[in-house]
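Here are the chains, one letter per residue:
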Amino acid sequence: MDKLDLVGLLIKCSQVLNHKMGKKQGQGRILEILNERDTISQKELQDILNIKAGSISEILSKLQKSGKIIRYKDDNDKRKSVIQITDKGRNTITHYQNNNEDIFFMLDDNEKEQLSYLLNKILISWKERRKGNL
């Protein structure tokens, strides 16, 4: 299989994922992380998601306006913003999880682990390559 075949498969998969996950996947991913951790700094969230400060700020503003998160300054370091999920945010995640089919139903646990390993390997390599080009 050549690299163009792989790229084509990745594009097809991304189209299906985009359709299945909807346009709010950034918000959904943030809510999932907050649901697991309860609170997190904006910088740490930005690092986990590997997105720019302006982008995360825009998404967080939308989540805050919709009442799904609250943002406040850290008591020990006023430069640091802390993000916390609200009950409305938790309800959104619960609704999303209950209505979202398992898109990897055809894979067994071992295959899911292999896929996760390979995708992470690709993402890490791309990230390192991008850093080298700066």
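To start, this report covers the structure provided alongside it. Per chain, residues are indexed from 1 in the order of the written sequence. Residue-level local features of this predicted model are given only where pLDDT is at least 70; pairs of side-chain atoms are given and counted only at 80 or more, and the full residue set underlies all totals for whole chains, interfaces and linings. Excluded from the side-chain calculation are hydrogens and water; included are all heavy atoms of the structure.

## Observations concerning the overall build of the chain
- The numbering of helices and of strands both runs from the N terminus, where a helix is a DSSP run of H or I of at least 4 residues and a strand a run of E of at least 2. Secondary structure assignment for the chain yields six helices and three strands.
- Ordering the α and β elements of the chain from the N terminus gives α-α-β-α-α-β-β-α-α.
- Seen through its C-alpha atoms, the chain measures out along the principal axes to roughly 55 × 40 × 25 Å.
- For every residue, the accessible area (1.4 Å probe, protein chains only) is compared with the maximum for its type, and the residue is labelled buried under 20%, exposed over 50%, or partly exposed between those bounds. Burial analysis of the chain (134 residues in total) assigns 18% to the buried set.
- Contact criterion: two residues are considered in contact whenever any of their non-hydrogen atoms come within 4.5 Å of each other. The contacts in the chain between residues at least 6 apart in sequence include a share of 46% that link residues at least 24 apart.
- Surface exposure of the chain reaches about 10400 Å², of which carbon and sulfur atoms provide 53%.
- The charge count treats Lys and Arg as positive and Asp and Glu as negative. His and the chain ends do not count. Where a charge sits is defined by one atom per residue type, namely NZ (Lys), CZ (Arg), CG (Asp) or CD (Glu). Counting 25 positive and 19 negative side-chain charges, the chain places the centres of these two groups 9 Å from one another. Residue exposure ignores everything except the shown protein chains as possible cover, and the areas themselves are Shrake-Rupley values with a 1.4 Å probe.

## A few points about unusual backbone geometry
- A positive phi angle, close to 55°, is found at Asn50, a residue other than glycine.
- Following the sequence through the fold, Asn50 ends up in the loop between α3 (42–49) and α4 (53–65).
- For Asn50, a relative accessible area of 39% corresponds to the partly exposed category.

## Details of a negative patch on the surface
- Only residues above 30% relative accessible area that lack a salt bridge enter a patch, with like-charged residues linked at up to 9 Å and the nonpolar side chains Val, Leu, Ile, Met, Phe, Trp and Tyr linked at up to 5 Å. The working definition used for a salt bridge is a side-chain nitrogen of Lys or Arg within 4 Å of a carboxyl oxygen of Asp or Glu. A grouping of Asp108, Asp109, Glu111 and Glu113 is seen on the molecular surface, where their side chains present a negatively charged patch.
- You can see Asp108 is positioned in the loop between α5 (87–99) and α6 (109–132).

## Topic: the packing of α3 against α4
- Axis angles are defined between N-to-C directions and span 0 to 180 degrees, where every axis is a line fitted to C-alpha atoms and, for a helix, only to the segment in contact. Viewed as axis vectors pointing N to C, α3 and α4 meet at an angle of 110°, and their least axial separation amounts to 10 Å. The orientation of α3 with respect to α4, classified from their angle, is roughly perpendicular. Between α3 and α4 the crossing geometry is right-handed. Contacts between α3 and α4 involve Gln42, Leu45, Gln46 and Leu49 on the former and, on the latter, Ala53, Ile56, Ser57 and Leu60. Roughly parallel refers to an angle under 35 degrees, roughly antiparallel to one over 145, roughly perpendicular to one between 65 and 115, and oblique to any angle outside these ranges. Here is the rule for handedness: rotate from the far helix to the near one, and if that takes an anticlockwise turn smaller than a right angle the crossing is left-handed, while a clockwise turn gives right-handed.

## Considerations on the pattern of salt bridges
- Under the criterion given, the structure shown has six salt bridges.
- Note that Glu44 is salt-bridged to Arg37, the shortest N-O span being 2.7 Å.
- On the accessibility criterion, Glu44 (36% relative accessible area) is partly exposed.
- Asp47 is paired through a salt bridge with Lys43; the nearest N and O atoms lie 3.0 Å apart.

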